[in-house]
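Survey of secondary and tertiary structure
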Amino acid sequence: MKLSQFKFKLPDNLIAQYPSDNRDECRLMVLDAKTGEITHRIFKDIIDYFDAGDVMIFNDTKVFPARLYGNKEKTGARIEVFLLRELNIENKFWDVLVEPARKIRIGNKLYFGEDDSMVAEVIDNTTARGRTLRFLYDGPHSEFKEILYSLGETPLPEYITRAVEEWDADRYQCIFAKNEGAVMAPAAGLHFSRELMKRLEIKGVERGFLTLHSGQGNFKDIDVEDLTKHRMDSEEMYVDETLVDMVNEAKDNDKNVCAVGTSVLRAIATAVCMNGHIMTYEGWTNKFIFPPYDFTVCNSMVSNFHLPLSTMLMMVAAFGGYEHVMKAYDVAVKEKYQFGAYGDAMLILNR
């Protein structure tokens, strides 16, 4: 398929700047991928579409405060540093993005905090905006991380143009998040409140967890028209035996399996094996999914409404069918659904 096939007009006022007042009370569009039929509900109504023995798979990655602002030595120029991942604990090496990148060269020192007490040195150029930093801190690693994170802020996507607020640290995090490593929240999971999770549990719907540390690569512009030539950034992921047993048993018993979010869909597609089963997995994935694609494990998925030309939209279109999904997005715009991480949600049934 071509990149241009995923372009559509999205008014700025439909890109959510704030979440719904309550996690489970955003709008929910339900799309039947077999017929194209669309139903409009409230998110907490999602329980009506699942029964005892069905499995919902969540991504339990935890977002850390990845966006920092520092000053360059001598000039005092303000520099944004976006932490991607820690490369070496002992030497405090971090893979980061910097802005404006043209001002940051190997050997430069950057100062963070009101008293400039946290110092980092640029030791490598990795990409146009990418750098490797070595933080010059002599204390214990736990103390270093605590101070570093206290200097950072919640890494809201750039399409949320307002300033970060204190409560974003809670709302831009799933209630079940536990394994730190993401700089992008698995947005579909943000809608699940404790009350909804309990109601699903009482109904007998199983919940399983995997970990995929979502990175900035999801927002990287695709610069090729032919999608077969695009390469995704690699993301670290883990699928354990507990989830494997749960999913494979559900498949053997003809139960429904739901991927909560595109990150889960990508991870399951990476860990798939024969007969619609999955296997344990520990490593990295750069799987890029776009139509057409044959999904053999999950027969439903939850997703937010994604921005034009995004890899997440392409994955949703692969699952729900290109024609049906793009028509549903046209309806979403007309009905003024909210798009993006803090926006409304979509349940796609492919049963």
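Above this note sits the structure.
Quick summary incoming for the structure in this document. Note that the structure is a prediction, hence the values are computed from the model and not measured.

Attention now goes to the state of the cysteines. In this structure the tally under the stated criterion is 0 disulfides. Here cysteine 298 stays free of any disulfide, with the sulfur of cysteine 258 as its closest cysteine sulfur at 7.3 Å. Taking the relative accessible area as the measure of exposure, cysteine 298 reaches 8% and is therefore buried.

Take the packing of aromatic side chains next. Applying the stated criterion across every chain, the model contains 23 aromatic pairs. Judged by centre distance (5.5 Å) and plane angle (15°), the rings of phenylalanine 64 and tyrosine 149 are stacked. Residue phenylalanine 64 is located in the loop between strand 4 (61-63) and strand 5 (67-72), and its partner tyrosine 149 is located in helix 1 (residues 141-151); the two are separated by 85 residues in the primary sequence. For the residue pair phenylalanine 64 and tyrosine 149, the accessibility class agrees, reading buried in each case. With 5.9 Å between their ring centres and 40° between their planes, tyrosine 137 and phenylalanine 144 make a pair best called tilted. Residue classification places phenylalanine 144 among the buried positions, given a relative accessible area of 0%. One Lys or Arg, arginine 78, reaches over the ring of tyrosine 69 and ends 4.1 Å from the middle of that ring. Stacked on the ring of tyrosine 18, the Lys or Arg arginine 162 has its end atom at 4.2 Å from the ring centre.

Here we take up the sheet that holds strand 15 (residues 281-285). Spatially, the 9 strands line up as an open sheet ordered 2-1-17-16-14-3-12-13-15, and their pairing is mixed. Each edge of the open sheet is held by one strand with a lone partner, namely strand 2 (38-42) and strand 15. Along the sheet, successive strands turn relative to each other by an average axial angle of 25°, direction set aside. Two elements, strand 12 (residues 206-212) and strand 13 (residues 235-239), share 2 bridges in a ladder whose sense is antiparallel. Pairing of leucine 212 across the sheet is with methionine 237, part of strand 13. Against the sheet, helix 5 (residues 262-271) engages strand 3 (55-59), strand 12, strand 13, strand 14 (257-260), strand 15 and strand 16 (300-304), with an angle of about 85° to strand 12.

On the surface, Glu206, Asp240, Glu241, Asp245, Glu249, Asp252 and Asp254 cluster together to form a negatively charged patch. The dominant element in the negative patch, judged by the number of residues it contributes, is helix 4 (residues 241-252), at 4 residues. Examined against the element boundaries, glutamate 206 turns out to sit in strand 12.

This brings us to the nonpolar core. Of all hydrophobic cores here, the largest spans 97 residues; its most connected members are Ile46, Met56, Ile57 and Phe192. With 8 residues, the top contributor of residues to this core is helix 6 (residues 311-320). Excluding residues within four positions of it along the chain, methionine 56 makes contact with Ile46, Phe50, Phe192, Leu200, Val205, Glu206, Arg207, Gly208, Cys258 and Val260. Listed in part, the 26 residues of the second largest apolar core include Ile79, Tyr137, Leu148 and Tyr149.

Moving on: the packing of helix 6 against helix 7 (residues 322-334). Relative to each other, helix 6 and helix 7 sit at 120°, their axes nearing to 6 Å. Classified by the angle their axes make, helix 6 and helix 7 are oblique. Contacts between helix 6 and helix 7 involve Leu313, Val316, Ala317 and Gly320 on the former and, on the latter, Tyr322, His324, Val325, Met326 and Tyr329. Here the residues of the contact of helix 6 with helix 7 sort into 7 nonpolar, 2 polar and no charged.

A few words on helix 7. Between its first and last C-alpha atoms helix 7 spans 18 Å; for 13 residues at 1.5 Å apiece the expected length is 18 Å, and the two agree. Of all the residues in helix 7, the buried ones are Tyr322, Val325, Met326, Ala328, Tyr329, Ala332 and Val333. In a view along the axis of helix 7, the buried residues occupy a sector of 155°, so they form one face of it. Exposed side chains of helix 7 directed beyond 90 degrees from the buried face belong to Glu323, Lys327 and Lys334. Where helix 7 is buried, its residues meet strand 1 (27-32), strand 2, strand 16, helix 6 and strand 17 (345-349). Backbone geometry just downstream of helix 7 places lysine 336 in the positive-phi region, at approximately 60°.

Our focus in this paragraph is the sheet that holds strand 9 (residues 118-125). The strand order around the closed barrel formed by 6 strands is 5-6-7-10-9-8, and the pairing between neighbours is antiparallel. Averaged over all pairs of adjacent strands, the angle between strand axes in this sheet comes to 45°, irrespective of strand direction. When strand 6 (residues 78-88) meets strand 7 (residues 93-99), the two strands line up antiparallel, connected through 7 bridges. The partner of asparagine 88 across the bridge, within strand 7, is phenylalanine 93.

Reading the values: the criteria
- Residues numbered from 1 in each chain as written.
- Predicted model: local features only at pLDDT ≥ 70, side-chain atom pairs only at ≥ 80, totals over all residues.
- Heavy atoms only, no water.
- Disulfide = S-S within 2.5 Å.
- Buried < 20%, exposed > 50% of the residue type's maximum accessible area, 1.4 Å probe, protein only.
- Phe/Tyr/Trp six-rings, centres within 6.5 Å; stacked < 30°, edge-to-face > 60°.
- Helix = DSSP H or I, 4+ residues; strand = E, 2+ residues; numbered from the N terminus.
- Lys NZ or Arg CZ within 6 Å of the ring centre and 35° of its normal.
- Pairing = 2+ DSSP bridges.
- Axes fitted to C-alpha atoms, helices over the stretch in contact; angles between N-to-C directions.
- Contact = heavy atoms within 4.5 Å.
- Patch = residues over 30% accessible without salt bridge, like charges linked within 9 Å, V, L, I, M, F, W, Y side chains within 5 Å.
- Areas by Shrake-Rupley, 256 points an atom, 1.4 Å probe, with all protein chains shown as cover.
- Salt bridge = Lys/Arg side-chain N within 4 Å of Asp/Glu carboxyl O.
- Lys, Arg positive; Asp, Glu negative; His and termini not counted.
- Charge placed at Lys NZ, Arg CZ, Asp CG, Glu CD.
- Core = buried A, V, L, I, M, F, W, Y, C linked by side-chain atoms within 4.5 Å.
- Parallel < 35°, antiparallel > 145°, perpendicular 65-115°, else oblique.
- Nonpolar A, V, L, I, M, F, W, Y, C, P; charged D, E, K, R; others polar.
- Expected span 1.5 Å × (residues − 1).
- Arc of directions from axis to C-beta.

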